[in-house]
Amino acid sequence: MNILLINPKYPATYWSFKHALKFISKKSLNIPLGTVTVAALLPDDWNKKLIDLNVSELKDKDIAWADYVMISAMSVQTASVRNIIDRCKQAGTKTIAGGPLFTEEFEQFTDVDHLILNEAEITLPEFTEDLKTGQPKKIYQTDQFSDISKTPIPDFSLLEFKKYAMAGIQYSRGCPYDCEFCDITALFGRRVRTKSPEHIIAELDTLYQLGWRGSVFFVDDNFIGHKGKLKKYLLPAIIRWMELHDYPFSFTTEASIDLSDDPELMRMMVRAGFIKVFVGIETPEEDSLAECNKIQNNKRDLLNCVHIIQKAGMEVTAGFIVGFDSDTPHVFQKQIDFIQRSGIVTAMVGLLNAPRLSKLYKRLHKEGRINDTFSGDNTNYSMNFTPAMNKDELMNGYQRIIQGIYSSKAYYKRVKLFLKNYRPEFQMRGKFDFTLFAAFLKSILYIGVLKKNRKYYWDLMFWSLFNHPRSFPLAVTYSIYGYHFRKVFRELT
């Protein structure tokens, strides 16, 4: 059996870092972890080939080679997914599809031959068994959650590592919180399921043996969902492994803001090599936080929480949302002020949308306010429901936020504020970083020479060299990030 696994293309968004990747000669930010995990679940005697459309092209001969084409996707990849399905249909090659997009919107994909929904550890083996007997069904679903401690190590061997900026692994699924706009608990449950420390170390060993060095993203939706297990078992194991291997990786992840409440946990994460954490802050408006059931953020000093995590030695990147029913026109300036005062360099502000399986979708559907499908991209000025605020006012306010935080003057001011206070304890060890040096040279050309606001770039470079020389690599990195963010929004407007 020949199986072609395809990771559909992502559009240029905050998350893609498309315009930044050219500075380090990479094609894609993250490896397609879901796809290589699915590959590991397939029978050993099946021939597997991976095409990631973010790093390579899909050719007709690839489709002709396959007995089946397998597609795993999220909502933001919908346009690419439809193109793949059309090409397979024209070629007469059968398709198998799964992942969040199909689990939530499977009714829209009638041309797919077999839909493997929910968690593949449960539904994919059922399909492969039926295929052996020649009686595969159209749809495989389950309301159960898998034991991820038994999930096999992803088949990383299918990847061309040199094309990616970041590898990835998963420690847990599920989140103890239940925010109204989020579909994570519907997809993965509120009970946090984890892999064993031995399992995670085996995945790190595999990456290491395959030659990966650099950034590794723990893709958990809330890495600290089970703090007790982290502190007692996983983090001590990672610390030992990193020390034994002379710190070949640096780690990033996602966590809830209550990370700031646990100094011991933050110290252990920093010792283990965690340098960056994404936090869903959403909004400084208490009423909007209460509206969306973001209880972990409500009734606390969010700005101070961010600074606590930064001072512990981890950069905070964060998500923000506008468009809640409780939002007033004052929210736009409040978002700008919060972001500028926080020193959060990578502040990803999006319009509220309602994923199909979220409680928000159910409420808005009941109110007759859903008017479109969920695109998965909250940065392209699209909303799939009618907001309470006048939509033109909301869109203008959203654009005001983007201009207020990503104009060169505001952005570089925020970078300086962060670097003044950031003193990371962990730094990757190794030889001279030629990739970063090449990125610096490219940044001189694309930002320091060709851009009209280059004075802010040069001010940051010299300020960093003379005042915080150890932070100079970060100053270069953030200049490149700013180039990407401004480019994305110029393309969208």
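Residues numbered from 1 in each chain as written. Predicted model: local features only at pLDDT ≥ 70, side-chain atom pairs only at ≥ 80, totals over all residues. Heavy atoms only, no water.

Student: So what's going on with the overall build of the protein? Which residues, and what values?
Tutor: Assigned secondary structure in the protein consists of 19 helices and 15 strands. Its C-alpha atoms give the protein a radius of gyration of 22 Å, within 12% of the compact-globule value 23 Å for 493 residues. Over its C-alpha atoms, taken along the principal directions, the protein stretches across nearly 70 × 55 × 50 Å. Counting all 493 residues of the protein, 57% fall into the buried class. Taking all contacts inside the protein whose residues are at least 6 apart in sequence as the whole, residues at least 24 apart take part in 76%. (Helix = DSSP H or I, 4+ residues; strand = E, 2+ residues; numbered from the N terminus. Rg over C-alpha atoms; globule rule 2.2 N^0.38 Å. Buried < 20%, exposed > 50% of the residue type's maximum accessible area, 1.4 Å probe, protein only. Contact = heavy atoms within 4.5 Å.)

Student: Before we move on, could you go through the sheet that holds strand β4 (residues 68-72) and cite the residues and values that matter?
Tutor: What the six strands build is an open sheet, ordered β3-β1-β4-β5-β6-β7; its pairing is parallel. Each end of this open sheet is capped by a strand with a single partner; those strands are β3 (47-52) and β7 (139-140). For strand β1 (residues 2-7) and β4, the ladder comprises four bridges, and the chain directions are parallel. Within β4, the position partnered with Leu5 by the bridge is Met70. (Pairing = 2+ DSSP bridges.)

Student: An account of helix α18 (residues 454-467) is requested, with residue identities and associated values reported.
Tutor: The terminal C-alpha atoms of α18 lie 20 Å apart, and with 14 residues this matches the ideal 20 Å at 1.5 Å per residue to within 8%. Taken together, the buried positions of α18 are Tyr457, Leu460, Met461, Trp463 and Ser464. (Expected span 1.5 Å × (residues − 1).)

Student: I'd love a proper account of the pairing of strand β11 (residues 214-218), names of residues and values included.
Tutor: Most of β11 sits out of view: four of its five residues are buried. Here strand β8 (residues 164-169) runs beside β11; their pairing, made up of three bridges, is parallel. Pairing of Gly168 across the sheet is with Phe217, part of β11. Note that β11 and strand β12 (residues 249-254) share four bridges and pair parallel. In the sheet register, Phe217 faces β12, and the bridge partner there is Thr252. Read as a crossover between parallel neighbours, the route from β11 over helix α9 (residues 227-244) to β12 is right-handed. (Right-handed = clockwise from strand over helix to strand, strands pointing away.)

Student: Break down a nonpolar patch on the surface for me, citing the residues and quoting the values.
Tutor: Together, Leu445, Tyr446, Val449 and Leu450 make up an exposed nonpolar region whose accessible area comes to about 350 Å². For Leu450, a relative accessible area of 55% translates into the label exposed. (Patch = residues over 30% accessible without salt bridge, like charges linked within 9 Å, V, L, I, M, F, W, Y side chains within 5 Å. Areas by Shrake-Rupley, 256 points an atom, 1.4 Å probe, with all protein chains shown as cover. Salt bridge = Lys/Arg side-chain N within 4 Å of Asp/Glu carboxyl O.)

Student: Quick one: what's the story with the pattern of salt bridges, residue by residue and with numbers?
Tutor: Throughout the structure, instances matching the rule amount to 28 salt bridges. One salt bridge connects Arg363 with Glu180, and the closest N-O pair in it is separated by 2.6 Å. Here Glu180 lies in the loop between β9 (172-173) and α7 (184-188) and Arg363 lies in helix α14 (residues 359-366), a separation of 183 residues in the sequence. Classification of Arg363 by relative accessible area gives partly exposed; the value is 23%. Its relative accessible area of 12% is what places Glu180 among the buried residues. Between Asp325 and Arg369 there is a salt bridge, with the nearest N and O atoms lying 2.8 Å from each other. Separated by 44 residues along the polypeptide, Asp325 in the loop between β14 (315-322) and α13 (331-342) and Arg369 in the loop between α14 and α15 (391-406) bring together distant segments of the chain. Put simply, Glu180, Glu291, Asp325, Arg363, Glu367 and Arg369 are held in one network by salt bridges that share partners.

Student: Pulling in residues and values, what's your account of helix α6 (residues 120-132)?
Tutor: Compared with an ideal rise of 1.5 Å per residue, which puts 13 residues at 18 Å, α6 spans 17 Å between its outermost C-alpha atoms and is within 8% of the ideal. For α6, the full list of buried residues reads Ala120, Glu121, Thr123, Leu124, Phe127, Thr128 and Leu131. Packed against the buried residues of α6 are α2 (33-41), β4, β5 (94-98), β6 (114-116), β7 and β9. Immediately downstream of α6, the backbone of Gly134 shows phi near 80 degrees, a positive value.

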